[in-house]
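# Breakdown of the fold
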Amino acid sequence: MPSVEIVEVAPRDGLQNEARLVSTAQKLELIGRAIAAGARRLEVTSFVNPRRVPQMADADEVAKGLPERGDVTFIALVLNRRGAERALAARIDELGAVCVASDTFAMRNQGQTSAESLEVARETVALAKAAGRGAQITVATAFGCPFEGEVPLARVVEMAKRAADAAPREVGLADTIGVAVPGQVGEAVARVVEAIAPIPVRVHFHDTRNTAIANVWAAVQAGATVVDAALGGLGGCPFAPGASGNVATEDVLYLLDRSGIATGYDRAGAIAAATWLADVIGRDLSGKVRCAPAFPPAAT
Ligand code: ZN
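Residues numbered from 1 in each chain as written. Predicted model: local features only at pLDDT ≥ 70, side-chain atom pairs only at ≥ 80, totals over all residues. Heavy atoms only, no water.

## Comments concerning the packing of aromatic side chains
The test is simple: Each aromatic pair joins two rings of Phe, Tyr and Trp (for Trp, the six-membered one) with centres within 6.5 Å, and gets the label stacked for planes under 30 degrees apart, edge-to-face for over 60, and tilted for any other angle. Per the convention used, a helix needs a DSSP run of H or I reaching at least four residues, while a strand needs a run of E reaching at least two, with both numbered from the N terminus. Under the scheme applied here, a residue whose accessible area is under 20% of the maximum for its type counts as buried, over 50% as exposed, and between as partly exposed, the area being computed with a 1.4 Å probe on protein chains only.
Tallied over the full model, the rule gives 2 aromatic pairs. Geometrically, the ring pair formed by phenylalanine 143 and phenylalanine 205 is tilted, given 5.8 Å between the ring centres and 40° between the ring planes. Placement of phenylalanine 143 in the loop between strand 5 (134-140) and helix 7 (153-164) and of phenylalanine 205 in strand 7 (residues 201-205) is noted, with a sequence separation of 62 residues between them. By relative accessible area, which is 2% here, phenylalanine 143 ends up buried. For phenylalanine 205, a relative accessible area of 1% puts it in the buried group.

If you want it as structure tokens, here you go:
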């Protein structure tokens, strides 16, 4: 049976944009519930400037509270050397580095050019490796920039190649602002898979324009083997105008389960965790499958 790995990003990318601060205890409970449902790789926090991202100010406390599990990989997003060093000093298994395909977004989001962001990401991988930890690199705005518009695919492929040269666990393509469409995703993923093999390709979609689930399918068909998703479809990006939630984990599980693609992540457990999360956040979340009757219906 073919399989795809899910990276559960609700605790970081999901929560980052929530105005209401979620307590460290609730974040750890969210992480615990996702693991109980079968998540084995989770983006749990980010070591960034707490003034810019107040929701992540408790990164050290979250890291300290993580369960001792040899079978689970905990990822933290870092944007610079200082963040990488903080994450490595904490109990984090894997650093998530980001390079940005468009210069304008790179300047506004990270105060760097696109090329500089790539150098920092490569350096982050080197720091992680030197410390015996893992690292991934994500190419942000891979499918479009809120300021520059279309991002040339040749540029994305080139960045992915240079990122892959640093030998990260995988290279991710992120639709930071939710503009990608399946035809574009299929072509981009196929080109990047070919360019960086055997390093795997991960994908990260936001559902701003109702295309995220279709994009996941196009990416998997084109050879992506790792998919980011957030319980309930939680999330957004505070620095990307109009970017709404991540693709919902439980919706991705429905798509893949019924297509015969294994994930090891239990759909009923994910739905229960997403329902709990909606309660904690205090508003409805965008995931669809959670609100629909179970299918196939439970045997009576
Ligand atoms: Zn995101």
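## Examining the pattern of salt bridges
As a reminder, the rule being used: For this analysis, a salt bridge means a side-chain nitrogen from Lys or Arg found within 4 Å of a carboxyl oxygen belonging to Asp or Glu.
Counting across every chain of the model gives 22 salt bridges. Salt-bridge contacts for glutamate 5 lead to arginine 169; the nearest nitrogen and oxygen are separated by 3.5 Å. Within this pair, whereas glutamate 5 is found in strand 1 (residues 5-8), its partner arginine 169 is found in the loop between helix 7 and strand 6 (171-175), the two being separated by 164 residues in sequence. A relative accessible area of 26% means that glutamate 5 is categorised as partly exposed. Aspartate 71 is the salt-bridge partner of arginine 69, the closest N and O atoms lying 2.8 Å from each other.

Note that every value here comes from positions in space, so none of it alone points to a role or purpose.
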